[in-house]
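# Observations on chain architecture
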Amino acid sequence: ASPATPCLQSPPSRVQRSAVPIGSLLPRMARGQGKNSGLASYAVRCLPALLLPLVVAVFHPQGGVAGLPLVLVAAAFGAVISAALPYLHLSLLASLLMAMLLLCAAYVQELRPDDSHPHGAASALQEASAVGDEAARLGNAAAVDAAGVAEGTEPKVAPRRGHQEPGRAAAEQVSSLRWRPQPVAKEAPTDLKTMSIVLPCAFEGEFAEKTVNAIWDNTRHEAIKEIIVVDDGSRPPLKSVMSKRILAGGPGVAPMRIIRHEKTKGLIGAKKAGGDAAVGDVIVFLDCHISPRRGWEDSFFLQMKRAGDHRTVVVPTITSLDPDTWKEIQNGANGKVCYVLWNSDFTWLANPGRDAPLMSGGLLAMSRKWWEETEGYDEHMVAWGGENIDQSIRIWLCGGRIEVAEGAYIAHMWRDAKNPKTTLKYPIPTRDVMRNKARASKAWFGEFTEKVFSFPEYEAFTKHGEPLGDMSNFDRLKDKLQCKPFTHYLQRFSYVYFDSGLIPEDIFQIREKKTGLCLERIQEQQQPHNVVLMPCGGGEGGGTTPELQIWHRGNRDPSRKARSCEPSIARSRVGPSISTSPWTTRTQGSSSGGTTMPRKGKVVTAAWMWCRSSPPTHSSSLRTAIAPRPSSPKAPRRCDRAAGSLRQRTSGCEAPWS
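Residues numbered from 1 in each chain as written. Predicted model: local features only at pLDDT ≥ 70, side-chain atom pairs only at ≥ 80, totals over all residues. Heavy atoms only, no water.

## Some points on the overall build of the protein chain
Spelled out, the test is: Only runs of H or I of at least four residues qualify as helices and only runs of E of at least two qualify as strands under DSSP, and these elements are numbered from the N terminus. Partly exposed describes any residue whose relative accessible area lies between the buried limit of under 20% and the exposed limit of over 50%, with all areas from a 1.4 Å probe on protein chains only and scaled to the type maximum. Between two residues, a contact is recorded if the distance between any of their heavy atoms is within 4.5 Å.
Each helix and strand in the protein chain was counted, giving 21 helices and 17 strands. In the protein chain, which comprises 658 residues, the share counted as buried stands at 46%. The contacts of the protein chain with a sequence gap of at least 6 include a subset with a gap of at least 24, amounting to 74%.

And the structure:
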């Protein structure tokens, strides 16, 4: 046979038989040089045309009729290879490579999403479910007909959808056993269209109705499902001080309903009652003395849908409200988010970006589904305080996120001691507040709980044995939501805790060489705090080092050396080689708090301290480096060991509002 003879042509009519060694038959037949090869020579030349489609049929990801087009393509390529390559080893190698290419193309096509369905994978899954339901229905019909046979009636055999006769091809059997990737089930976003706005109100009087009217006037009406006013034991009841118009409701009036507590349960209990009663897609918690800016609700909805699920909690930018005009104060104090400190307190964080480490607690929104999954507020917390710490860390560790809704501005009335109209009209039990914070810390801080409980404000629970209450609800929630450890939270916000020095690389005491006393912070009612020289604790003297004598380098801003202490001091460590630098502080003396006097010694404190001459306000910012030392002992600077520079993200802090 000529090398160019197609393998599909008929073989010669005469086949010359001769004794040819079988060991040399195949090479000779492959080369087409065997004079007596006959029919066997053509069979060898046709191997690629037979093997290539067979291999593709066996290993095709779908098999059966679905793989027939590719099998025909493989047969065509096999015929071309058989005709073009006279050598057996080359033709087999070419057939193997072609089979690999064709099968790779088939598997790539198999892994691509099915675009034949008009609504994507979801429609495909629904169709598959419908087919399964139809099969189940037909199976039930067959069972009924079989029962009819037993009773002597003629059965009605329903036709089976997609039924195949026995003896299907081997390729289909192999295909049925082959692994196929399951489609990724993407969670459908919760339909977020309506809001239930919860207002916890205790002794708010006229503020409650002003808040309801402000929300109604500055919000798209179709977005408000309801406004829930939780009257937390007010005297007189809010219903008696509100206008008949807003109580009666109707067209053009806010859809308000009141939940009344005859006895004051506190902010946490009031918010929990309102959240559990909400029916809207989104639950919005606002204080009972606010006024939003137009467009806030759309910013909330947009931010909550960003991630494509129901687990995004949003907070607005909180501005200042004039209690007399009930209008936003232009260029007033504002804040967005906070961060938690090691004593389980919290303070403001400036320029936080999109993600919020901690909510202030008063103004936020979450989907009702996420509220139910995270079980709302801790049922054992009482009155006020700590719930924002619990809820914020719970959200971050258990699969959610907290984000700032850009474009959402809500004016809030701050408590001002100089304005009697803003005075808080109900007491806040300090012991309950500390128990709430202790519960939040015990639940989420893990091994860092010991650090929290080292602060003196928790001695009632660490030394005097006051109980924290049942903690089993936290254990149940962690198991249900597979919550992560607290270290995940610290790593997530490393710029707050590691970069700033809240978790410092090293800590030390600062001793003044002349007196041998150590620098110690004195806690004041408000910031800034003060510092004094006190006997050094721990170290060579034994005992425990006082927490207030421990310092670190996190508060120093090396980018502003011109306003920091001398570089030699900033680089020094406490020891005999430390250089001296004048510093004004005070020593313990009189009962009134001591006398102010200049001290000159080895004080490295200034390099790691905040210095301010006046207490901060909500709009003031902490300085990122030390101010020039005072020239006169009559006006000493008061320094505060604050949380750290936070890369200039920290704002002035004040006690949390109510």
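Alright, that's what it looks like, and here's the rest.
## Focus on the packing of aromatic side chains
Two measures describe an aromatic ring pair: the distance that separates the ring centres and the angle between the ring planes. Put simply, the test is: Ring pairs shown here join Phe, Tyr and Trp side chains whose ring centres sit within 6.5 Å, with only the six-membered ring taken for Trp; geometry is labelled stacked below 30 degrees between planes, edge-to-face above 60, and tilted in between. Placement of a charge over a ring requires the Lys NZ or Arg CZ to be within 6 Å of the ring centre, with the centre-to-atom vector within 35 degrees of the ring normal.
Following the criterion strictly, the structure yields 17 aromatic pairs and no others. Between Trp342 and Phe448, the ring centres sit 5.3 Å apart and the planes meet at 10°, which makes this aromatic pair stacked. Taken together, the residues span a long stretch of sequence, with Trp342 in the loop between β8 (337-340) and β9 (346-349) and Phe448 in the loop between α15 (430-444) and α16 (449-452) at a distance of 106 residues. Linked through ring pairs, Trp342, Trp396, Phe445, Phe448, Phe486, Tyr489, Phe493 and Tyr497 together constitute an aromatic cluster. Sitting above the plane of the Trp444 ring, Lys478 keeps its charged end 5.1 Å from the centroid. The ring of Phe493 is capped by Arg492, whose NZ or CZ atom sits 4.9 Å from the centre of that ring.

## A few points about a negative patch on the surface
Going by this rule: Nonpolar side chains (Val, Leu, Ile, Met, Phe, Trp, Tyr) are joined into patches within 5 Å and like charges within 9 Å, using only residues with over 30% relative accessible area and no salt bridge. The accessible surface values rely on the Shrake-Rupley method and a 1.4 Å probe; as for residues, cover is taken only from the protein chains in view. Salt bridges are counted wherever a side-chain nitrogen of Lys or Arg sits within 4 Å of a carboxyl oxygen of Asp or Glu. Under this rule, positive means Lys or Arg and negative means Asp or Glu; His and the chain ends count for nothing. We put the charge of a Lys on NZ, of an Arg on CZ, of an Asp on CG and of a Glu on CD.
A cluster of acidic residues, Glu379, Asp470, Asp475 and Asp479, forms a negative patch on the protein surface. Structurally, Glu379 is set in the loop between α13 (368-373) and α14 (387-397).

## Comments concerning the state of the cysteines
What counts, and what does not: Criterion for a disulfide: a pair of cysteine sulfur atoms within 2.5 Å.
With the rule as written, the count across this model stands at 3 disulfides. Here Cys518 connects covalently by a disulfide to Cys536, the sulfurs 1.9 Å from one another. Of note, the bridge from Cys518 to Cys536 carries an S-S torsion of about 95° and is right-handed in sense. One end of the pair, Cys518, is in strand β12 (residues 518-522); the other, Cys536, is in the loop between β13 (530-534) and α21 (567-571), with 18 residues separating them in the sequence. Sequential numbering of the bridged cysteines in the protein chain gives the disulfide pattern 1-2, 3-4, 5-6.

## Structural notes on the pattern of salt bridges
Applying the stated criterion to the full structure yields 29 salt bridges. Linking Asp309 and Arg311 is a salt bridge whose minimum nitrogen-to-oxygen distance equals 3.7 Å. Taking relative accessible area as the criterion, Arg311 reaches 22% and is therefore assigned partly exposed. In this structure, Arg435 and Asp432 form a salt bridge, with 3.3 Å as the shortest nitrogen-oxygen distance. Note that Arg435 and Asp432 are positioned in helix α15 at a spacing of 3 residues, about one turn of the helix. The same class applies to Arg435 and to Asp432, which are both buried. One network of salt bridges, in which partners are shared, links Arg306, Arg354, Asp355, Glu403 and Arg492.

## Some words on helix α12 (residues 296-304)
The periodicity of an α-helix, 3.6 residues per turn, causes residues three or four positions apart to be oriented the same way. Burial within α12 is extensive, with 7 of its 9 residues counted as buried. Buried residues of α12: Trp296, Glu297, Ser299, Phe300, Phe301, Gln303 and Met304, and no others. Among the structural elements, β1 (195-201), β4 (282-285), β5 (290-292), β6 (312-322), β10 (364-367) and β11 (401-412) are those in contact with the buried residues of α12.

## Things to note about the pairing of β4
Inclusion rule: Here a strand pair is declared whenever DSSP counts at least two bridges between the two strands.
Residues Val282 and Val284 of β4 are buried on one face, and the alternating residues Ile283 and Phe285, pointing to the opposite face, are buried as well. In this sheet, β4 lies alongside β1 in parallel orientation, the contact comprising 4 bridges. When the sheet's bridge partners are listed, Ser196 is paired in β4 with Ile283.

## Quick notes on unusual backbone geometry
Cis geometry marks the peptide bond from Arg235 to Pro236, where omega comes out at -5°. The residue Pro236 is located in the loop between β2 (224-232) and α9 (238-241) in this model. Even without being glycine, Phe203 reaches a positive phi, approximately 60°. Note that Phe203 resides in the loop between β1 and α8 (206-217). Exposure remark for Phe203: the relative accessible area of 24% places this residue in the partly exposed category. Despite not being glycine, Glu375 has its phi angle at roughly 65°, a positive value. As for its placement among the helices and strands, Glu375 is situated in the loop between α13 and α14. For Glu375, a relative accessible area of 24% translates into the label partly exposed.

## Things to note about the packing of helix α3 (residues 47-59) against helix α4 (residues 68-84)
We apply this condition: Note on definitions: angles span 0 to 180 degrees between N-to-C directions of axes, and those axes are lines fitted to C-alpha atoms, for helices only across the stretch in contact. Note on angle classes: values under 35 degrees are labelled roughly parallel, values over 145 roughly antiparallel, values of 65 to 115 roughly perpendicular, and the remainder oblique. Each helix crossing is assigned a hand: it is left-handed if the near helix lies turned anticlockwise from the far helix by less than a right angle, otherwise right-handed if that turn is clockwise. Polarity classes work like this: nonpolar for Ala, Val, Leu, Ile, Met, Phe, Trp, Tyr, Cys and Pro, charged for Asp, Glu, Lys and Arg, and polar for all others, with Gly in that last group.
Their axes nearest at 7 Å, the elements α3 and α4 cross at an angle of 155°. Between α3 and α4, the angle falls in the class roughly antiparallel. Viewed along their axes, α3 and α4 form a crossing whose handedness is right-handed. In this structure, α3 uses Pro48, Ala49, Leu52, Pro53, Val56 and Ala57 to contact α4, whose residues at the interface are Leu70, Val71, Ala74, Ala75, Phe77, Gly78, Ala79, Ile81 and Ser82. Grouping the constituent residues of the contact of α3 with α4 by class yields 13 nonpolar, 2 polar and no charged.

## Topic: the environment of Ile228
Relative to the assigned elements, Ile228 resides in strand β2. Assessed through its relative accessible area of 0%, Ile228 is described here as buried. The spacing of Ile228 and Ala277 is 49 residues in sequence and 8.4 Å in space, taken between C-alpha atoms.

## With respect to α4
Condition: To estimate the expected span of a helix, subtract one from its residue number and multiply by 1.5 Å. Arc definition: it is the arc formed by the directions from the helix axis to the C-beta atoms.
For α4, with 17 residues, the first-to-last C-alpha span of 24 Å sits near the 24 Å given by 1.5 Å per residue. Among the residues making up α4, those that are buried are Leu70, Val71, Ala74, Gly78, Ile81 and Ser82. Seen along its axis, α4 keeps its buried residues to an arc of 115°; they face one direction. Looking at α4, the residues exposed on the side facing more than 90 degrees away from the buried face are Pro69, Leu72, Val80 and Ala84.

## Notes on the nonpolar core
Filter applied, for reference: Only buried residues count toward a nonpolar core, which is a set of Ala, Val, Leu, Ile, Met, Phe, Trp, Tyr and Cys residues joined through side-chain atoms within 4.5 Å.
The biggest cluster of nonpolar side chains holds 98 residues, and the ones touching the most others in it are Ile197, Phe300, Trp444, Tyr489 and Tyr497. Excluding anything up to four places from it in sequence, Ile197 contacts Ile215, Ile224, Glu226, Ile227, Ile228, Val284, Leu286 and Trp296.

## Describing the environment of Pro200
Position of Pro200 relative to the elements: it lies in strand β1. Look at Pro200 and you get buried, because its relative accessible area is 10%. Note: C-alpha distance between Pro200 and Lys271 (71 residues apart in sequence) is 5.8 Å. Setting aside residues up to four positions removed in sequence, Pro200 forms contacts with Val230, Leu267, Ala270, Lys271, Leu286 and Cys288.

## Quick notes on the confidence of the model for the protein chain
The condition that has to hold: For every residue, the predictor assigns a confidence score, pLDDT, that lies between 0 and 100.
The predicted model of the protein chain averages 73 in pLDDT, with 64% of residues at 70 or higher. The lowest-confidence element of the protein chain is strand β15 (residues 595-601), averaging 26 in pLDDT; the highest-confidence one is β4, averaging 98. Below pLDDT 50 for its whole length, residues 1-35 participates in 33 contacts with residues either more than four positions away or in separate chains. Predicted confidence is poor over residues 182-186, with pLDDT under 50, and the contacts of this stretch with residues over four places away or in other chains come to 1 contact.

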